[in-house]
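Observations on the three-dimensional arrangement
Each chain, letter by letter, is given below.
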Amino acid sequence: MLLLTFETCHPIIILMMEMIKSKHNKSELKKWLGFFPFLLFCLAFEFIPILFLIRGSFIDKTTQGFTIAHYQAMSRTVYINSFLNSIKISGLTAIIGVILGTLIGYAIYRWPSESLKNALISLSDVTTNFSGAPLAFSFIIILGMNGVITQFLFKYFNYELYPGFSIYSFSGLALAYVYFQLPLMVLIIIPAFVGIRKEWQESAESMGANNFQFWRFIGIPILGPSLLAGLTLLFANAYGAYATAFTLVESQLSLVTLQIGFMIAGEVRHDPGVGMAMAVLSLFIMGLSIAIYQIATTRVRRWSK
Amino acid sequence: MRMNKLFRSIVLVLFLLFMLVPLIATFLFSISTRWDRTILPEGFTLEWWKKVISRGAFGLTLKNSFYISFATSIALTILVTPTAYWVHIRAPKSKVIFEIMSAFSFGIPGVILALALIRFYSGIPVPLINTTNILLLACMELCFPFMYRPVANALDSIDIHTLTEASQSLGGNWISTFIHVILPNIFPGIASGFLLVFSTVFAEFTLTNLLVGARFKTFPIYLVEFTRFDGRQASALAIISFVVAWVVSLLLLLISGKRTITSDNLTIGH
């Protein structure tokens, strides 16, 4: 619901006013007929359940009265830690993804061979969707206790990866997240590089600008919205992730999505109101990053025309 | 900022290594006799593949996954395509509603959607909880932007107004115009949407696990169960799910000819 900032709400309000005005006009009303099944679907399986979830987070289970106790409960260490872990892993893997993804994207963009370029873009396309259980499992095979790389490091460099590092811990999960964050960033940033016209670089050069000046005054400002879009999308992508963490760390690392999942499965005895409060706070965090993402992509489109 | 060629090559080689090593290792693991004492597998065998394929649950979960993926793709095609056409031709201003719905769909993680659906539908007398239908509906909600986006792009790329007028001047009504004139023209868009939805649902774990759990085991659920007791066979399953995703990507590439990537048609939600 929090996605409904004024900017997104504005067109809805206009549309609603038109709907009200057109009530007396049959042909105008007919316009909305074709929309009906789809709107009904969204109301029934998204908006109304989410509204009830928000309402439920403010309702006391026994008295049925209004309460903010569920939100006050968020100050307990276990919940604070879940939020901190979720934000930390999403922020960290988003930043790593943006920096390395931009470097890789640039290297792909500048590569002379078209066929290799396309192959790398296709690889990014497939691997960014290679997540969840299969991904978690692949990382256990290479970096688990008896993993291939674990042994390789021990045999050839006499370096013991464990117990300093563990694939079942925060750093292990972060590495697995980077695996699907990197290619996603590559896919976001390549169109932005394509958008920087050769002519701009040439005209900057002809006016005496050096490379640093070109990137400082032209390149980065043009890439800026794409970088911001990437950062927010990657953040949201990791924050909402569940399957990879479920397979890899399960209960060894407390994340918001995992906690909510445990509550649904009934594995932890908590007031359901607390789970709903966690969900509502997460919607707020997700909404914020998606809203910034939307604004950033509108700015990206301005350059891609 | 200018990177020389050597540096760019190193970046790409490292990227390739990072992306490919987990996949290659998983594949080798699934065909090796023993691989926990040595750097390279001690020998190769197809035993694990044979074992995993011969299990009854293998066929069942694969069938369940194909069923739910096809059902979601077909249901979304039927729901979204006519609506998108209607919006484009009759109420182009309300395209923004689709944009907002897409943002919602991206912004609500699977865990939260599952929680909201369970809370709401267990409180009212509608027999949906714990059924395959609720999973289907939740998957539709999660995936509809993947259907809408390619279809909307296809509708934008043809002159639907002229086509519709021409068809109507020849006596066609809305329905026959849609089926005989518009559908064939936007078919590549529909096919792309269909495949995107298909591969997303095929890999779907969160909603399935939380909404139906063990009552309707899909391939990803089966895979997670396997990782806990037999790594060899689990790695074979992981390779199969990767191959499905890869085949769908190839098909998508074939349909769209040249893949044009924009940040609009990226899929998120892991």
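That block above? That's the structure.
Below you will find a few notes about this structure. Computed from a predicted model, the values in this text were never measured in an experiment. (Residues numbered from 1 in each chain as written. Chains lettered and ligands numbered in written order. Predicted model: local features only at pLDDT ≥ 70, side-chain atom pairs only at ≥ 80, totals over all residues. Heavy atoms only, no water.)

Topic: the nonpolar core
Residue and element names in this part refer to chain A.
- In this structure, Phe 38, Ile 108, Leu 173 and Tyr 177 are the most contacted members of the largest nonpolar core, which totals 186 residues.
- When residues in this core are grouped by element, the largest group, 17 residues, is from helix H9 (residues 170-195).
- Excluding residues that lie within four positions of it along the chain, Tyr 177 makes contacts with Ile 89, Thr 93, Ala 238, Ala 241, Thr 244, Ala 245 and Leu 255. (Core = buried A, V, L, I, M, F, W, Y, C linked by side-chain atoms within 4.5 Å. Buried < 20%, exposed > 50% of the residue type's maximum accessible area, 1.4 Å probe, protein only. Helix = DSSP H or I, 4+ residues; strand = E, 2+ residues; numbered from the N terminus. Contact = heavy atoms within 4.5 Å.)

A closer look at the pattern of salt bridges
Residues and elements named next belong to chain B.
- The tally for this structure, following the rule as stated, stands at 5 salt bridges over all chains.
- Here Lys 51 ties to Glu 47 by a salt bridge, and the two come within 3.7 Å at their closest N and O atoms. Remark: Glu 47 and Lys 51 occur in helix H2 (residues 47-54); sequence separation between them is 4 residues, near one turn of the helix.
- Classification of Glu 47 by relative accessible area gives partly exposed; the value is 36%.
- A salt bridge links Glu 99 to Arg 149, with the nearest nitrogen and oxygen atoms 3.2 Å apart. Of this pair, Glu 99 sits in helix H4 (residues 95-107) while Arg 149 sits in helix H6 (residues 132-157), placing them 50 residues apart in sequence.
- Taking relative accessible area as the criterion, Arg 149 reaches 14% and is therefore assigned buried. (Salt bridge = Lys/Arg side-chain N within 4 Å of Asp/Glu carboxyl O.)

Some points on unusual backbone geometry
All names here are of chain A.
- Even without a glycine there, the phi angle at Gln 64 is positive, about 65 degrees.
- Turning to its location among the elements, Gln 64 is positioned in the loop between helix H3 (36-56) and helix H4 (69-72).
- By relative accessible area, which is 55% here, Gln 64 ends up exposed.
- Unusually for a residue other than glycine, Asn 158 sits at a positive phi of about 50 degrees.

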